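Chain by chain, the residues run as shown.
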Amino acid sequence: MISAILLLSLFQSPNTLSPAEQKAGWRLLFDGKTLAGWRGIGYDTVPTAHWVVVNGAIKKVASGDVPRVADGRPLVGGDLMTVDSFADFELSFEWKVTPGANSGVKYNVSEAMSIAQGGAGTQGGPTHSALGFEYQVLDDDRHEDGKLPTHRSAALYDLIAPSDKKRLHPVGEWNRSRIVFRGNHGEHWLNGQKVVEFDLGTARMDSLLAASKYKTIPGFGQKRRGHIVLQDHGDEVYFRDIKVRPL
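Within each chain, residues carry numbers counting from 1 in the order of the written sequence. Totals for whole chains, interfaces and linings use every residue, but because this is a predicted model, local features are given only for residues with pLDDT of at least 70 and side-chain atom pairs only at 80 or more, for both listing and counting. The side-chain numbers reported here are obtained from all heavy atoms of the structure, hydrogens and water having been left aside.

1. Quick notes on the nonpolar core
- For the purposes of this section, nonpolar cores are sets of buried Ala, Val, Leu, Ile, Met, Phe, Trp, Tyr and Cys residues that join through side-chain atoms within 4.5 Å. Using a 1.4 Å probe on the protein chains alone, a residue whose accessible area is under 20% of its type maximum counts as buried, one over 50% counts as exposed, and one in between counts as partly exposed. Membership of the largest hydrophobic core comes to 45 residues, with the highest contact counts inside it found for Ile58, Leu91, Phe239 and Ile242.
- Note on conventions: DSSP H or I runs of at least 4 residues are helices, E runs of at least 2 residues are strands, and numbering of each starts at the N terminus. Take this core: its biggest share by element is five residues, from strand S6 (residues 89-97).

2. Details of the pairing of strand S10 (residues 185-190)
- For S10, the tally of buried residues reaches five of six residues, placing the bulk of the element in the interior.
- The rule for pairing is simple: two strands pair if DSSP sees at least two bridges between them. Of the strand pairs in this sheet, strand S9 (residues 175-182) and S10 are connected by six bridges, and their pairing is antiparallel. Residue pairing for S10: serine 177 is matched across the bridge by leucine 190.
- Adjacent in sequence and paired antiparallel, S9 and S10 are bridged by two residues, among which glycine 183 carries a positive phi angle near 60 degrees.
- Pairing between S10 and strand S11 (residues 193-199): six bridges, direction antiparallel.

3. Thoughts on the pattern of salt bridges
- The term salt bridge refers to a side-chain nitrogen of Lys or Arg lying within 4 Å of a carboxyl oxygen of Asp or Glu. Inspection of the entire model under this criterion finds 17 salt bridges.
- Between arginine 176 and glutamate 94 there is a salt bridge, with its nearest N and O atoms 3.4 Å apart. Of the two residues, arginine 176 is situated in strand S9 and glutamate 94 in strand S6; the sequence distance between them amounts to 82 residues.
- The exposure class assigned to arginine 176 is buried, which follows from its relative accessible area of 9%.
- Here aspartate 139 and arginine 142 are joined by a salt bridge, their closest N and O atoms 3.1 Å apart.
- Take arginine 142: its relative accessible area is 54%, and that puts it in the exposed class.
- Each of Glu21, Glu94, Arg176, Arg240, Asp241 and Lys243 takes part in one network of salt bridges that share partners.

4. Re the environment of leucine 80
- Here leucine 80 is to be found in strand S5 (residues 80-86).
- It is 22 Å that separates the C-alpha atoms of leucine 80 and glutamate 187, two residues lying 107 residues apart in sequence.
- In this analysis, two residues are considered to be in contact whenever any of their non-hydrogen atoms come within 4.5 Å of each other. Beyond its immediate chain neighbours, meaning those up to four positions away, leucine 80 contacts Leu35, Trp38, Arg39, Gly40, Val46, Pro47, Trp51, Ile58, Ile228, Val229 and Leu230.

Read these as geometric descriptors, not functional statements.
This is how it looks when you write it as structure tokens:
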């Protein structure tokens, strides 16, 4: 069931905290105006050719619309990462996609592990992809990944498909999502319904990891104090009202 505090947030302006949320320990990760508190993974600054603030939302600029340097290459992009890291937390955010778009919100992210897998980064060099558990953000009907249950919106990407309780709003409309990660227990919520639940270190989870694309990455499935990341998958997507509460 959706919490009373989050229910109240449905009726308040995005990117704000109610007195009740403040008292409960929530804090904003996005102020609605700037990308303060964020940076590109592997970089000291935000890749502003790819990530901008528009009408109170963080917009991922579609790769085809990114400005190019003199030799014709697009300016460097990559995933957008919180400066701060988190251990046990509850994360609430809103998102919407454009037709056919793919993205995600990642957590339990080790920047060092991500960079090691992707190679060393230099300014103007490679774009880094975060390694972590992913709350999938997708146009289920138009994107190819929608054919795979574990790749659909709200899934724990490539590991656990969302349940039949899932209620996804149409493309172009905002969805409200929540991630709960406490100890080895994780939950994904979508529009007030819990759609994914898992526990690290169990036989079930170990089996799912062994059958996934992450099976060759040492330590991927271990709990850590990690960053929260918005994925650059090349498509135009939007995020807002991103708030976190330590547990």
